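Report on the structure
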Amino acid sequence: MKKQDEGMTHLVNLLEDLEKISLQDISQIPLSQQHILAEKIESLQDELKVLVGNEKSSTH
């Protein structure tokens, strides 16, 4: 496996792990930080989806 493929695998795994974070998980942090964390997680998920999608389309 190429090093680039390994890196993409890590990013795909990160995206999958981020998608497993629930509202119950987020509720465990201080209330004042919950919306900030939720927004950052959502933003990172969106960026990773674009990156993973671009990588898949460029390899096919």
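Residues numbered from 1 in each chain as written. Predicted model: local features only at pLDDT ≥ 70, side-chain atom pairs only at ≥ 80, totals over all residues. Heavy atoms only, no water.

This part takes up the overall build of the protein. Of regular secondary structure, the protein possesses three helices and zero strands. Secondary structure elements of the protein, listed N to C terminal, follow the sequence α-α-α. Computed over its C-alpha atoms, the radius of gyration of the protein comes to 14 Å, more than 25% above the 10 Å expected for a compact globule of 60 residues. In terms of overall dimensions, the protein has C-alpha extents of about 45 × 20 × 15 Å along its principal axes. Surface summary for the protein: the accessible area is close to 4,900 Å², and the carbon and sulfur share equals 55%. Between the mean site of the 6 positive side-chain charges and the mean site of the 11 negative ones, the protein shows a separation of 5 Å. (Helix = DSSP H or I, 4+ residues; strand = E, 2+ residues; numbered from the N terminus. Rg over C-alpha atoms; globule rule 2.2 N^0.38 Å. Areas by Shrake-Rupley, 256 points an atom, 1.4 Å probe, with all protein chains shown as cover. Lys, Arg positive; Asp, Glu negative; His and termini not counted. Charge placed at Lys NZ, Arg CZ, Asp CG, Glu CD.)

According to the stated counting rule, one finds two salt bridges in the structure shown. Between lysine 20 and aspartate 17 there is a salt bridge; the shortest N-O distance is 3.9 Å. Residues lysine 49 and glutamate 19 are paired through a salt bridge, measuring 3.8 Å at the closest nitrogen-oxygen approach. Taken together, the residues span a long stretch of sequence, with lysine 49 in helix H3 (residues 31–59) and glutamate 19 in helix H1 (residues 3–19) at a distance of 30 residues. Glutamate 19 sits in the partly exposed class, given a relative accessible area of 43%. (Salt bridge = Lys/Arg side-chain N within 4 Å of Asp/Glu carboxyl O. Buried < 20%, exposed > 50% of the residue type's maximum accessible area, 1.4 Å probe, protein only.)

In terms of nonpolar packing, the biggest core is built from five residues, these being Leu15, Leu18, Ile26, Ile41 and Leu48. Mapped by element, the contributors of at least two residues to this core are H1 and H3. For isoleucine 26, the residues in contact, after removing those within four places along its chain, are Ile21, Gln34, Ala38 and Ile41. (Core = buried A, V, L, I, M, F, W, Y, C linked by side-chain atoms within 4.5 Å. Contact = heavy atoms within 4.5 Å.)

In this fold, glutamine 34 is placed in helix H3. If we ignore the near neighbours within four places in the chain, the residues touching glutamine 34 are Ile26, Ser27 and Ile29.

The subject of this paragraph is a negative patch on the surface. A contiguous patch of negative charge on the surface is contributed by Glu39, Glu42, Asp46 and Glu47. Its place among the elements puts glutamate 47 in helix H3. (Patch = residues over 30% accessible without salt bridge, like charges linked within 9 Å, V, L, I, M, F, W, Y side chains within 5 Å.)

Scored by pLDDT, the protein comes out at a mean of 89, with 92% of its residues at no less than 70. Across the protein, the secondary-structure element scoring lowest on mean pLDDT is H1, at 89, and the one scoring highest is helix H2 (residues 23–26), at 94. (pLDDT = per-residue confidence, 0-100.)

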